[in-house]
Amino acid sequence: MTSEPTAHDYLESLSPGRGRERPRAAFTSDAPALNLTGTWRFHLAAGLPQVVDGFQDAGFDDSGWGTIPVPSCWQMEGLPGEPRFGPPAYTNQVYPFPVDPPHVPDANPTGEYRREFLLPGNWPEGRTLLRFEGVDSCFAVWLNSTLLGNGKGSRLPTEFDVTDALRPGRNVLAVRVHQWSSGSYLEDQDMWWLSGIFRPVTLLSRPAGALTDFFVHADYDHLTGDGTLSVQADGPALLTVPALGIVEADPAGPHPAPDVIPWSAEQPHLYEGELVTDGERVPLRIGFRRIEVVDGVILANGRPLLFRGVNRHEWHPGTGRTLSHEDMLTDVLLMKRHNINSVRTSHYPPDSAFLDLCDAYGLWVVDECDLETHGFGLVGWKGNPSDDPRWREAYLDRMRRMVERDKNHPSVVMWSLGNEAGTGSNLAAMAAWTKDRDPDRLIHYEGDYNCPYTDVFSLMYADHGEVGLLGRGQEAVAADPALDARRRQLPVILCEYAHAMGNGPGGLSEYQELFEAHPRLHGGFVWEWIDHGVRRRTPEGREHFAYGGDFGEPVHDDNFCCDGLVFADRSPSPGLTEYKKAVEPVRITVDTTSRTIRVRNLLHTLDTAHLRFRWSVEDNGQPRGDGELALQPVPAGADGVLLWPEALNKLCDAPLEDGEERWVTVVAELAADESWAPNGHEIAWDQAAVVGPAPEVPAVVRPLVPVLADGTYTLGTAVFDSASGTLTALGGLQIDGPRLDLWRAPIDNDLRTWNGPLAEAWRKAGLDRLEHRLVGLRPHDGGLEVVTRTAPAGADFAMRTVFRWAVDAEDPGLLQLALTTEPLGTWPCPLPRIGIRMALPGDIETVDWFGLGPGEAYSDTTAAVRVGRFGAAVDDLQTPYVLPQENGNRPQVRHARLTGPDGAGLTVTGYPHTDLTVRRWTSEDLDAARHTSDLRPRDRVYVNLDAAQHGIGSGACGPRTQPQFQLDARPVTLTLGFRPC
Ligand code: GAL
């Protein structure tokens, strides 16, 4: 069965659709609505030649067809097992089809959907609309065999008037959805290509007198504290807002609203209201606020706005871009609980229910249009639709549909034209239309560096140096002097920065310092919120998250889609914890010299009255006392200083045992339940040492002398192989003695570093295949000295390491190691790490430590960790990055106990401290694994004790690790104590 090709002309037509209703605001009302989500009949055709002729006829027999849930993305059906309807495919920039606009491949999977519904008997007279919230990428619709029209623009709503086609009783809806269309050229976002009716479908009664559209203007004047409300309704209506004393008034007003509580992300106050017409009642939730640029600064309600933001794609590991209300709420709550105050809806308008949540819980939103043509960049931007007038209507249509749908959300403060669509007159036209339609919001677009029509200068992945220059207004000059002058007046945001792929991102705190130092800088949006991992099962049933290439896609971008602050299952990654701390909106400084506590309130709106400040003192990680601080509320933008309370002074004056450390911690936590977190939820903290870690190494007063027998040296309870000098046992514990270790399983930032992957340089240098040679083994009166030379094959550079082992007769259970290592020759690249690695028996299952924790941290990701006593199972010390890579380091560990079920094991002491990593597999295993399911515990536990590691950075998409966190081959010392327990 085939159909006439002409019947499908709309597919490759540049027209955004036919037969559609004019775009309008999303709103609910008490007019009847019929939810058409649920189980639909479904048939997938391989392409147009295979579609089923007549499927749209009401009488068509679909009993032989399968079913599919609506909404859903058809490629996700069947997962985590085998995809039932063709696999998902992931590309970043490259189009997965030839760049031949507006044509698409013949192999164009086409989903045919059918659904019957009964029209309720009391369905009112008047108009009825059929509303699709999102269909990817192009579709045609029939009701009762009547063609209603077609549409494109996947993440935007489309409505059809079905009044004439609707029947009393049984109705049959048929929808044909094409995976590829001319619209696909405009939807080249970095994400999985997924298709289908992926957002809800509703039948809406529009009774006589019902509204089609309305636009709420709720302005706030911070100088007077007054609001002004005006609602432009497109038909007769009466406005009631009880809290403002507005009763059945003309919506247009303008209605003065004296002394209103303005809407902000911190105080998302919404005034409940209602529009009443002859046909329906429409609930309103009104937020008064003003967003503007004054003297190059973005002001919200008269105060500068600092975005602590994230880029959010819609993602669920089982359902793709179809999200439940619960998923959306989880995102909002997680963001709020991690001090995030804003979202860029990269790179398309989200389900509008998400914006309702942003209004209610408080998040500033940059609403981005469903537009990206990045793949044209790979062909030199030749034929880019952004500058081709034939595509203008398609561009404008997308912008109109976003702005009209979302215009009544107070949370939306900026309209973004799209992402990575090059430059061109169609973008300028979108901006012009938007400014005219909604002059009260700002316009964003990053892709045109001249910023001719935007209200902000937006950049991606600028390094710290460039951000500093921008902050000081010293950025490079743009080619056109007039545009340069204009751009210099614009506020700056980083619409993407700190690429959160795998382990990381590093360098967040240094960005935040810049944002907080320069008024022109308004913060940014971390790339990105969530990993787009697909939940999948191996044939043996091991679950993991799949990424590009796992479904056999011929063109793909590997795991580049897994770069979120939360894993695909929405569990926070260490990056999110780090971000929470880096962007904390209240900065506490505990000063041990002046014995003061300074609180800098960086909030936009609120004073600190909603926070409780608590102090505590720990000696060597043991709690000594705590209390509350009596801090007068500090207004937004102000500082408060407080002397230490007497009880804290007293505790800090108490004597301390030799070698112990004393730390004062002050936290700010919620003083009452909020809608998004309970009373006691921590917002910010600081910690300072009254007495810091003791650097002294215990003196060896009466050293034991190594005893040689049966091919071993014995030193106290330690046994060394006399041929290799390696430690093999300690107090009966079998040990694969420490060797110098310079390797780490490359993290994504090492693997994809801009301007040349670091991991390639490492492998070229041979860091993953080091050879060790015993240079000298010298038993002497003070202990055992082992000298090694470590180098890759073919290289003339090396590390020379001296292990000095000693045991004091006064404390024969303690084996001490003083290690020094130094480079010989010139190393061609920075080193991943400098430390030692050893293996312990596999029954070690718990680690308790005193040091930084509780989470993992590296030199440039230490904001979120604090000094304390922590404990975790070895398995819980691992961070399951989607692509296995170095993880789990606990820095500055003073003591650690590694024990098995019977409490026996090993104590490690660092003088003054060491970095510690404990895992059931080796770095080589991590390096070789492609998915978490490839990692299998060995029968040993591997322990890395490091003097230093190369920083994390965010080089997978962005600047290299900052120079101060680069680990060059250099001499280091590592002084440790080992004691069996
Ligand atoms: C940006 C782009 C994002 C994403 C990111 C890298 O250039 O806007 O969509 O691809 O890079 O993960």
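Thresholds, definitions, all that
Residues numbered from 1 in each chain as written. Predicted model: local features only at pLDDT ≥ 70, side-chain atom pairs only at ≥ 80, totals over all residues. Heavy atoms only, no water. Helix = DSSP H or I, 4+ residues; strand = E, 2+ residues; numbered from the N terminus. Rg over C-alpha atoms; globule rule 2.2 N^0.38 Å. Buried < 20%, exposed > 50% of the residue type's maximum accessible area, 1.4 Å probe, protein only. Contact = heavy atoms within 4.5 Å. Lys, Arg positive; Asp, Glu negative; His and termini not counted. Charge placed at Lys NZ, Arg CZ, Asp CG, Glu CD. Domains from an automatic or database assignment. Buried area = accessible area lost by both parts, 1.4 Å probe. Salt bridge = Lys/Arg side-chain N within 4 Å of Asp/Glu carboxyl O. Polar contact = N/O pair within 3.5 Å; in protein donor to acceptor, adjacent residues only side chain to side chain. Phe/Tyr/Trp six-rings, centres within 6.5 Å; stacked < 30°, edge-to-face > 60°. Lys NZ or Arg CZ within 6 Å of the ring centre and 35° of its normal. 1 Å grid on protein atoms, 1.4 Å probe; cavity = no way out; pocket = protein on both sides within 12 Å on 5 of 7 lines; lining within 4 Å. Points joined across faces, edges and corners; volume = space filled by probe spheres on them. Pairing = 2+ DSSP bridges. Axes fitted to C-alpha atoms, helices over the stretch in contact; angles between N-to-C directions. Left-handed = near helix turned anticlockwise from the far one by under 90°.

Caption draft 1: Broad picture of the overall build of the protein. A count of helical and extended segments in the protein gives 12 helices and 59 strands. In terms of overall dimensions, the protein is globule-like: its C-alpha atoms have a radius of gyration of 32 Å, near the 30 Å expected for 981 residues. Principal-axis analysis of the C-alpha atoms places the extent of the protein at approximately 100 × 70 × 60 Å. Residue burial in the protein is summarised as follows: out of 981 residues, 60% are buried. Relative to all contacts within the protein whose residues are 6 or more apart in sequence, the contacts with residues 24 or more apart total 74%. In the protein, the 88 positive side-chain charges and the 136 negative ones have mean positions that sit 1 Å from each other.

Caption draft 2: Quick peek at the domain arrangement of the protein. You can read the domains of the protein as domain 1 (9-206), domain 2 (214-292), domain 3 (305-534 + 561-580), domain 4 (584-691) and domain 5 (707-980). Put simply, the middle of domain 4 and the middle of domain 5, counted by C-alpha atoms, are 35 Å apart. Of the residues lining the interface, 11 residues belong to domain 4; the matching set on domain 5 comes to 9 residues. Summing the contributions of domain 4 and of domain 5, the shared interface buries around 800 Å²; its carbon and sulfur component is 45%. Joining domain 4 to domain 5, the criterion identifies 2 salt bridges. Between E661 and R894 there is a salt bridge whose closest N-O contact spans 2.8 Å. At the boundary of domain 4 and domain 5, one finds 4 residue pairs in polar contact (both at pLDDT 80 or more).

Caption draft 3: Structural context of the packing of aromatic side chains. For the coordinates displayed, the defined rule picks out 35 aromatic pairs. When the ring of Y497 is compared with that of F515, the centres are 5.4 Å apart and the planes differ by 80 degrees; the resulting orientation is edge-to-face. Of this pair, Y497 sits in strand β32 (residues 492-497) while F515 sits in helix α7 (residues 508-517), and the two are 18 residues apart along the sequence. Note on Y497: relative accessible area 0%, which makes it buried. An aromatic cluster is present here, built from Y95, F97, W180, Y185, W193 and F376 joined pairwise through their rings. The ring centre of F215 lies 5.7 Å from the NZ or CZ of K407, which sits over that ring. A cation over a ring is seen here: R894 above F850, with NZ or CZ 5.6 Å from the ring centre.

Caption draft 4: Seen up close, the side chain of D438. The topology assignment puts D438 in the loop between α4 (425-437) and β30 (442-444). Residue D438 is classed as buried on the basis of its relative accessible area of 2%. Polar side-chain contacts of D438 include one of 2.7 Å to the side chain of R441. Setting aside residues no more than four positions away along its own chain, D438 makes contact with F215 and W415.

Caption draft 5: How the structure looks around unusual backbone geometry. W527 connects to E528 through a cis peptide bond whose omega is -5 degrees. Considering the arrangement of structural elements, one finds E528 in the loop between β33 (521-526) and β34 (534-537). Of note, the bond from G853 into P854 is cis; its omega dihedral lies within 30 degrees of zero at 0 degrees. With respect to the helices and strands, the residue P854 is situated in the loop between β54 (846-853) and β55 (866-873).

Caption draft 6: Quick look at the layout of surface pockets. The calculated volume of the largest pocket comes to roughly 870 Å³. Every residue lining the largest pocket is counted, 34 residues in all, and those nearest its centre are A26, F27, T28, S352 and D356. Contributions of two or more residues to the lining of the largest pocket are made by β2 (33-35), β15 (201-206), β16 (214-221), β22 (281-286) and α2 (352-361). At 5 residues, β15 tops the list of elements feeding residues into the lining of the largest pocket. Estimated volume of the second largest pocket: approximately 610 Å³. Lining the second largest pocket are 29 residues; nearest its centre among them are H374, E420, M460, W754 and C957.

Caption draft 7: Spatial organisation of the pairing of strand β37 (residues 596-601). In this structure, strand β36 (residues 586-591) lies alongside β37, joined through 6 bridges in antiparallel fashion. Considered in β37, the bridge of V590 is made with I597. Hairpin geometry of β36 and β37 is characterised by an intervening segment of 4 residues between the two adjacent antiparallel strands and by a positive phi of about 50 degrees at R595. As paired elements, β37 and strand β40 (residues 639-643) share 5 bridges and run antiparallel to each other. Of the residues in β40, the one forming a bridge with R598 is V641.

Caption draft 8: Summary view of the sheet that holds strand β18 (residues 238-241). With antiparallel pairing, the 4 strands of this open sheet are ordered in space as β19-β18-β21-β22. Taken across any chain shown, the strands that pair with only one partner, and hence form the sheet edges, are β19 (246-249) and β22. The sheet shows a mean angle of 20 degrees between the axes of neighbouring strands, direction not considered. Summarising the sheet, strand β21 (residues 271-276) and β22 pair through 6 bridges and their orientation is antiparallel. Looking across to β22, one finds that G273 is bridged to L284.

Caption draft 9: Broad picture of the packing of helix α3 (residues 392-406) against α4. Contact geometry of α3 with α4 gives a least axis separation of 9 Å together with a crossing angle of 35 degrees. In the packing of α3 onto α4, the handedness of the crossing is right-handed. Contacts from R392, Y395, L396, M399, R400, V403 and E404 in α3 reach S425, N426, L427, A429, M430, W433, T434 and R437 in α4.

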